[in-house]
Amino acid sequence: MRQKYGKYGFVIGLIVLLLMSACGLKKDDNVLQASITTSADRDAVDLYKQLCIACHASDLSGRVGPSLQAVGSRLTEEQLLAVIRDGSKGMPSYQNRLSHEELDVVVQWLVKFK
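These remarks concern the structure in this document. (Residues numbered from 1 in each chain as written. Predicted model: local features only at pLDDT ≥ 70, side-chain atom pairs only at ≥ 80, totals over all residues. Heavy atoms only, no water.)

1. Looking at the overall build of the protein
This is how the line gets drawn: A run of DSSP states H or I qualifies as a helix once it reaches four residues; a run of E qualifies as a strand once it reaches two. Both are numbered from the N-terminal end. For the exposure calls, accessible area comes from a 1.4 Å probe over protein chains only, and a residue counts as buried if that area is under 20% of its type's maximum, exposed if over 50%, partly exposed in between. By definition, residues are in contact when any of their heavy atoms lie within 4.5 Å. The accessible surface values rely on the Shrake-Rupley method and a 1.4 Å probe; as for residues, cover is taken only from the protein chains in view.
The helix and strand tally for the protein stands at 6 helices and 0 strands. Within the protein, the proportion of its 114 residues that are buried is 28%. Residue pairs in contact within the protein that sit at least 24 positions apart in sequence constitute 49% of those at least 6 positions apart. About 7,900 Å² of surface is accessible on the protein, with carbon and sulfur atoms providing 60% of the total.

2. Details of the environment of Lys49
Looking at the element boundaries, Lys49 is found in helix H2 (residues 39-51). We classify Lys49 as partly exposed; its relative accessible area is 32%. Along the backbone, Lys49 and Asp29 are 20 residues apart, and their C-alpha atoms lie at a distance of 9.8 Å. Leave out the neighbours within four places in its chain, and Lys49 touches Asp29, Leu32 and Gln33.

3. Some points on the environment of Leu68
Tracing the backbone through its elements, the reader meets Leu68 in the loop between helix H3 (53-56) and helix H4 (71-74). Taking the relative accessible area as the measure of exposure, Leu68 reaches 10% and is therefore buried. Through-space distance from the C-alpha of Leu68 to that of Leu110 is 7.7 Å; in sequence the pair is 42 residues apart. With residues near it in sequence (within four places) discarded, Leu68 still touches Tyr48, His56, Leu60, Arg74, Leu110 and Phe113.

What follows is the structure, encoded as structure tokens:
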């Protein structure tokens, strides 16, 4: 027995799903955009998008990795640097992927989230 909407029902459902996803990404991207107040913040957000977003989400809410939304309240600059540089509990080390300047930019940006 054919479904009521046949092949069009699947296509319509897929389009709706994609539109809903796109709206969510736009909203989540606003979190990152709103956090940019300096050129260093822009650099940090660019690095975050390249290296961190897959595990920590575009709104910093966490996926595989923990939420970073209030990470500045939980960790000091030194602790953040150590986790990013050396890795921790499933998070890879970025010591060989990021320069000292890049590490500092990301840490200074993350510490603002309180």
